[in-house]
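Residue-level structural notes
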Amino acid sequence: MDDEKAEQFDVVVVGGGVAGLSAALVLARARRRVAVVNVRQPRNAPAEAAQGFLTRDGESPLELVRLGREEVESYGTVFLDGEVCSARDAAETWVLELDGGGTLRGRHVVLATGLRDILPDIEGAREAWGKGLLQCPYCHGWEVRDRELGVLATEDTSLQQAVLLRQWSPVVTLFTHTLGAVPPDDALTLKARGVRIVDGAVRRLVSGPTGLESVELTDGTVVECAAVFCEPQAEVGSPLISALGCEFREDGCVVTDDLGRTTADRVWAVGNVADPSAQLVSAAGDAYRTAVSVNAVLAFEDAEAEKASL
């Protein structure tokens, strides 16, 4: 398609999760012409419910997205299903090509592509993810309160997670897994909190008809667990982000300033692509703030263009 014939938007939001929809809503209500490109399912799609989102506590993550899209569409926002496969800068406008063959032009781009969790290489982990294998106690701790809980230790923050998780249950087991020996002072802290330490690598998670049942170690030890918490690795890299020229932090996320502006001109980032720890509420709030900044920049660009025509 000829670039000049491609549909023109003030902002193209790449990613249709909660963060992307929040940014699109603010911009659409500011009377900006907005397109949202749906890249893939939200990161939390495997979870049965999203918790801690005021007025929507316990709602299905996919239902949250459906409701959000419905609201954003009511302001005339254009939605396109697919993936942005390439981007190039052309005269103060980003030209974005979709994998289905379409082309969009956007003065500014908001990245809301999220990230992909890389689960531990343990048998049964994929099947249990979002159900019996969990990440955030604030998201899921209440639902498994007072049951046998475990923490899969893969890094130092796993020790902190075990101490924290004790708030939701008196029965917490730390599996040292790949972390190795727990430092004496940390071991004393865990003991004071009543956290049991089980040394050795985990071989598999055993699930039954009602969910996770136990954790099996490589030496054959079996420990009953109704849920195991872990800190999975994650990645956000994509050809699009590189094509836009965004820089990455050491943790793999996109570099942004306090307003959500990336190192690439007229490109912004919201949600987990910029902050892996962002929960739904905070991601939506940060996206709101970023969208306000995007609109302000657009307004001054408009003013400069109008001055030039006087």
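Refer to the structure presented above.
Let me begin by describing the structure that accompanies this report. (Residues numbered from 1 in each chain as written. Predicted model: local features only at pLDDT ≥ 70, side-chain atom pairs only at ≥ 80, totals over all residues. Heavy atoms only, no water.)

Section: the nonpolar core
The tendency in soluble globular proteins is for nonpolar side chains to be buried as a group. With 26 residues, the main nonpolar core has Val 109, Leu 111, Leu 244, Cys 246 and Val 267 as its most contacted residues. Of all the elements in the fold, those that place two or more residues in this core are strand E1 (7-14), strand E2 (34-38), strand E4 (84-89), strand E5 (94-98), strand E6 (103-111), helix H7 (239-244) and strand E17 (267-269). With residues up to four places along the chain from it excluded, the contact list for Leu 244 reads Ala 87, Trp 94, Val 109, Leu 111, Ala 264 and Val 267. (Core = buried A, V, L, I, M, F, W, Y, C linked by side-chain atoms within 4.5 Å. Buried < 20%, exposed > 50% of the residue type's maximum accessible area, 1.4 Å probe, protein only. Helix = DSSP H or I, 4+ residues; strand = E, 2+ residues; numbered from the N terminus. Contact = heavy atoms within 4.5 Å.)

A look at the packing of aromatic side chains
In the structure shown here, the tally under the stated rule is one aromatic pair. Geometrically, the ring pair formed by Tyr 138 and Trp 168 is edge-to-face, given 5.5 Å between the ring centres and 90° between the ring planes. With Tyr 138 in helix H4 (residues 137-140) and Trp 168 in the loop between helix H5 (157-165) and strand E10 (172-175), this pair connects stretches of sequence that are 30 residues apart. The class of Trp 168 is buried, set by a relative accessible area of 15%. The ring of Trp 142 has Arg 145 sitting right over it, with the charged end atom 4.0 Å from the ring centre. (Phe/Tyr/Trp six-rings, centres within 6.5 Å; stacked < 30°, edge-to-face > 60°. Lys NZ or Arg CZ within 6 Å of the ring centre and 35° of its normal.)

Overview of helix H2 (residues 61-73)
With 13 residues, H2 should cover 18 Å at 1.5 Å per step; its first-to-last C-alpha distance of 18 Å lies within 8% of that length. Buried within H2 we find Pro 61, Leu 64, Val 65, Leu 67, Gly 68 and Val 72. Here the buried residues of H2 occupy an arc of 165° about the axis, which is enough to place them on one side. Buried positions along H2 lie against helix H1 (18-29), strand E3 (78-81) and helix H8 (280-308). (Expected span 1.5 Å × (residues − 1). Arc of directions from axis to C-beta.)

So, the environment of Asp 117
Relative to the assigned elements, Asp 117 resides in strand E7 (residues 116-118). We classify Asp 117 as buried; its relative accessible area is 9%. Distance from Asp 117 to Phe 53, taken between C-alpha atoms, is 21 Å for residues 64 residues apart in sequence. Not counting residues up to four positions away in its chain, the partners in contact with Asp 117 are Arg 43, Trp 129, Gln 135, Pro 232, Gln 233 and Ala 234.

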